[in-house]
Amino acid sequence: MHAATKCLAAAVAAALCSSVYAASGTFEGTAMGKNDQIKVSVELKEDRIVSVKVGENYETPSISRRVFKVVPELIVDNQTVNVDSISGATFTSFGVLGAVRDALKKSGTDISKFTKGPRVSEKITIDPTPKADVVIIGGGGAGLSAAVTAARKGASVLILEKSSFVGGNTMAAGGGFNAAVPETVAKHDMSKGQADLIEAQLAAKPLNEKQAELIAQLAEDWKAYKARGEKHADGKPVLFDSPAWHALQTWAAGDNKADLNLVDKLSHLAPESVKILTDMGLVWNDKTSQYVGALWPRSHDAANYKSGEGFIQTFLQTIAKEKLPVKISYYTRADNLVMKDGRVVGVEAKGPKGEKMFASANKGVILATGGFSANIEMRMKYDTKWGNLDSSIPTTNLSGITGDGIVMAEKLGANLVGMEYIQLLPICDPETGSVQTTVSIGTPLYVNMEGKRFVNELERRDVISKAILEQPGKKFWKVINAKNARIDKNGVNSYGLKVETLIKQGKVVKADTVEELAQKMGVPADNLVKTVKAWNEFCRKQVDEEFGRPSCLDNVTLFEGPYYADIHSPAVHHTMGGVQIDTSTHVIDKNGKPIPGLYAAGEVTGGIHGTNRVGANAIPDALSFGRVAGETVVNENK
Ligand code: ADP
């Protein structure tokens, strides 16, 4: 007879016949991971762990992929749950280990058998002297875009990535991608408020030749749009857009401090990047939205992935499908750029245990390390706007986004620009700074703790953040209805989180009526009722008498319940400053000359966004200039 069948219930059996009992069978276990409960099933045969399979979970796929492979392997190979967590994914690792313990407990086996012995960890070997045509530091959006581009042009590529996964903030962020693609943007109506913004720009006196050129281009685009006179079936005009308009809005939103040549290039590259990503397999949502601070409803996002994950997976799949010569060295932190005969020829880096590496680059090195929002010392050193960006202000960023590329480039004499401009994102979780605790998409109604509107929600991010910091409790609620909420058929939000859990945690509330919603939000019901009524009136008329919001898109109306609200506060999100580049991504030194062999793209660069980055401009920046860097390094080093 099977050992386990001798006992009626495994757990009872363990107590009654622990000396003879050897568990066999498959047992389910659950424990809390980073985002939610993780379920595992553990197969036991005569008290040996035969397999561990991770089941239902809401962890971020790019971050958890390695955990879900490596941790079960280590458990099975070593017959222990004394396993080290995977760096950068500690909570997810603890979740898997906790769930396995839970399953073992339920099996009735003697769990101490699996907790003896030394701790085991993943074996990582680092090549001390790798060589490649192109060495890229950082495997986020910019790094992967550069890698795919350079490899498609025949170059061998090595990515040095300090964490256990690629994706960086590009993957963790909302995933909005601004691009002036007239066909998609035209699915929206054009309001009078939006037309007024264009007319105002056309009437403005240009501040320099480049702006004059862009305004002239906008005038042409606007004239052609009017001549076409395209209308929707209900007679409303379709929404206008053009790269010149995108560039002009971006420059103005950064207080005209950005390099307008870079801004112009960004706005022209973005629609091309949309097409390239589509060809690689990314599926976009049918209709664009207007991410917070995006200034125009040109924010595209992926339909086949959650948040920014789609960009990263699309690149990784392209590398695999096209068998591109791209290698990734994980757990490899770059420390130093090495110059020889006036040219950058390689990178000094360290492996997880401090193992030394020198990666040599035949053609050049691309810096793609992101910004410095997770480096409190740097943000305190450079910030001049917010007064105090110490650890009391959370960040939306991954912990590895610490400005390393900026420090490395500065040592070589790179010019740094706009370092004092640091962005607070208004719509973060007040406790953790996460951007993920929401059910809305686009920019809906914002109300303060008095149940009242307090700002034009379509304003710049710095304006909104400042307004929030002046409200009671320095927090606010976003209000949306069920029809417009972005919750999929499995009850999961656009970041992959279970809405039911967010409700249990009090981060999201749901109610059938506005009065009930107010009560759950802890705001005066009569105020919220009045606010929602006025909001709907504005949405019907498209005229916001109170705050001058230029438009109400149909994805933010509140015409009927049920309703949702989620609570937010600003957190440090983006650092606009960084190394100066030219439009071909050469890193520029303090004398205005390119540093030979050194290129940079993404948030590590400065000068593209001025004082304030437009919402959903970061990913087009990283991916488009990443592409330019990949092209330039190969083209000029044949
Ligand atoms: P961007 O949007 O500019 O591409 P991301 O934040 O998406 O920036 O990605 C930056 C990537 O660079 C992250 O994956 C981060 O872990 C990596 N990184 C940062 N510093 C280093 C370093 N010193 N060595 C290797 N990788 C790094």
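Residues numbered from 1 in each chain as written. Predicted model: local features only at pLDDT ≥ 70, side-chain atom pairs only at ≥ 80, totals over all residues. Heavy atoms only, no water.

Here we look at the overall build of the protein
Turning to step 1, where the next piece is worked out: Scanning the protein from terminus to terminus reveals 18 helices and 21 strands.
Turning to step 2, where the next piece is worked out: Relative to the globule expectation of 26 Å for 638 residues, the C-alpha radius of gyration of the protein, 26 Å, shows essentially globular dimensions.
Turning to step 3, where the next piece is worked out: C-alpha extents for the protein along the principal axes are approximately 90 × 70 × 45 Å.
Turning to step 4, where the next piece is worked out: Taking all 638 residues of the protein together, 59% fall into the buried category.
Turning to step 5, where the next piece is worked out: Across the protein, every contact between residues at least 6 apart in sequence was considered, and the portion connecting residues at least 24 apart equals 73%.
Turning to step 6, where the next piece is worked out: Counting 75 positive and 72 negative side-chain charges, the protein places the centres of these two groups 3 Å from one another. (Helix = DSSP H or I, 4+ residues; strand = E, 2+ residues; numbered from the N terminus. Rg over C-alpha atoms; globule rule 2.2 N^0.38 Å. Buried < 20%, exposed > 50% of the residue type's maximum accessible area, 1.4 Å probe, protein only. Contact = heavy atoms within 4.5 Å. Lys, Arg positive; Asp, Glu negative; His and termini not counted. Charge placed at Lys NZ, Arg CZ, Asp CG, Glu CD.)

Brief notes about the state of the cysteines
Turning to step 1, where the next piece is worked out: Under the criterion given, the structure shown has one disulfide.
Turning to step 2, where the next piece is worked out: At a sulfur-sulfur separation of 2.1 Å, the disulfide partner of Cys539 is Cys552. Here the S-S torsion is close to 80°, and the disulfide linking Cys539 with Cys552 is therefore right-handed. Taken together, the positions of Cys539 in helix 17 (residues 525-541) and Cys552 in the loop between helix 17 and strand 17 (563-575) put the pair 13 residues apart, joining distant regions of the chain. There is no split in this pair, since Cys539 and Cys552 are both buried. (Disulfide = S-S within 2.5 Å.)

Let's talk about the site of the ligand
Turning to step 1, where the next piece is worked out: Taken together, 26 residues lie near the ligand, and Ala142, Glu161, Thr170, Asp404 and Glu603 sit nearest.
Turning to step 2, where the next piece is worked out: Between the ligand and Ala142 there is a distance of 2.8 Å, counted from an oxygen atom to a backbone nitrogen or oxygen.
Turning to step 3, where the next piece is worked out: Interatomic distance of 3.1 Å between a backbone N/O atom of Lys162 and a nitrogen atom of the ligand.
Turning to step 4, where the next piece is worked out: If the ligand stood free it would expose 580 Å²; the protein chains cover 97% of that surface.
Turning to step 5, where the next piece is worked out: Considering each element in turn, the shell around the ligand owes the most residues, three residues, to helix 5 (residues 168-172). (Near = heavy atom within 4 Å. Polar contact = N/O pair within 3.5 Å; in protein donor to acceptor, adjacent residues only side chain to side chain. Areas by Shrake-Rupley, 256 points an atom, 1.4 Å probe, with all protein chains shown as cover.)

With respect to the side chain of Ser164
Turning to step 1, where the next piece is worked out: Along the polypeptide, Ser164 turns up in the loop between strand 5 (157-160) and helix 5.
Turning to step 2, where the next piece is worked out: Within the structure, the side chain of Ser164 is placed 2.7 Å from the backbone oxygen of Ser87, a separation counted as a polar contact.
Turning to step 3, where the next piece is worked out: Among all residues touching Ser164, those that are not within four sequence positions of it are Arg66, Ile86, Ser87, Tyr330 and Tyr331.

Points about the sheet that holds strand 1 (residues 25-32)
Turning to step 1, where the next piece is worked out: On the basis of which strands lie adjacent, the open sheet formed by three strands has the order 1-2-3 and antiparallel pairing. Edge positions in the sheet fall to strand 1 and strand 3 (48-54), since each has one partner strand and no second. Sheet twist, expressed as the average angle between the axes of neighbouring strands with direction ignored, equals 25°.
Turning to step 2, where the next piece is worked out: Both strand 1 and strand 2 (residues 37-45) contribute to a ladder of eight bridges, which runs antiparallel. Each residue of the ladder has a partner; that of Gly25, found in strand 2, is Leu44.
Turning to step 3, where the next piece is worked out: Of the strands in this sheet, strand 1, strand 2 and strand 3 touch helix 3 (residues 90-107), which is tilted by about 140° from strand 1. (Pairing = 2+ DSSP bridges. Axes fitted to C-alpha atoms, helices over the stretch in contact; angles between N-to-C directions.)

Focus: the confidence of the model for the protein
Turning to step 1, where the next piece is worked out: Mean pLDDT for the protein: 95, with 97% of residues reaching 70 or above.
Turning to step 2, where the next piece is worked out: Scored below 50 in pLDDT, residues 10-19 makes 11 contacts in the model with residues more than four places away or belonging to other chains. (pLDDT = per-residue confidence, 0-100.)

Some details on the environment of Val532
Turning to step 1, where the next piece is worked out: Checked against the element boundaries, Val532 lands in helix 17.
Turning to step 2, where the next piece is worked out: Remark: the alpha-carbon pair of Val532 and Val514, spanning 18 residues in sequence, is separated by 7.9 Å.
Turning to step 3, where the next piece is worked out: The contacts of Val532, once residues within four sequence positions are left out, are Leu445, Val514 and Leu558.

Topic: the environment of Asn57
Turning to step 1, where the next piece is worked out: Tracing the sequence through the fold places Asn57 in the loop between strand 3 and helix 2 (61-78).
Turning to step 2, where the next piece is worked out: The spatial distance from the C-alpha of Asn57 to the C-alpha of Gly496 is 9.4 Å, given a sequence separation of 439 residues.
Turning to step 3, where the next piece is worked out: Excluding residues within four positions of it along the chain, Asn57 makes contact with Gln37, Ile38 and Phe68.
Turning to step 4, where the next piece is worked out: Here Glu59 takes part through its backbone nitrogen, which lies 3.1 Å from a polar atom of the side chain of Asn57.

Looking at helix 11 (residues 309-321)
Turning to step 1, where the next piece is worked out: Between its first and last C-alpha, helix 11 extends 18 Å over 13 residues, near the 18 Å set by a 1.5 Å rise per residue.
Turning to step 2, where the next piece is worked out: Where helix 11 is concerned, the buried positions are Glu309, Gly310, Phe311, Ile312, Gln313, Thr314, Phe315, Thr318 and Ile319.
Turning to step 3, where the next piece is worked out: Following helix 11 by one or two positions, Lys323 adopts a phi angle in the positive range, close to 45°. (Expected span 1.5 Å × (residues − 1).)

Section: the pairing of strand 4 (residues 131-137)
Turning to step 1, where the next piece is worked out: Across the seven residues that make up strand 4, a large majority, six, are buried.
Turning to step 2, where the next piece is worked out: The pairing of strand 4 with strand 11 (residues 356-367) spans six bridges and is classified as parallel. Residue pairing across strands places Val134 opposite Gly364, the latter belonging to strand 11.
Turning to step 3, where the next piece is worked out: Strand direction decides the pairing type here: strand 4 and strand 5, joined by four bridges, are parallel. Bridge assignment links Val134 to a residue of strand 5, and that residue is Val157.
Turning to step 4, where the next piece is worked out: Once the chain exits strand 4 it traverses helix 4 (residues 141-152) before rejoining the sheet at strand 5, and the crossover so formed is right-handed. (Right-handed = clockwise from strand over helix to strand, strands pointing away.)

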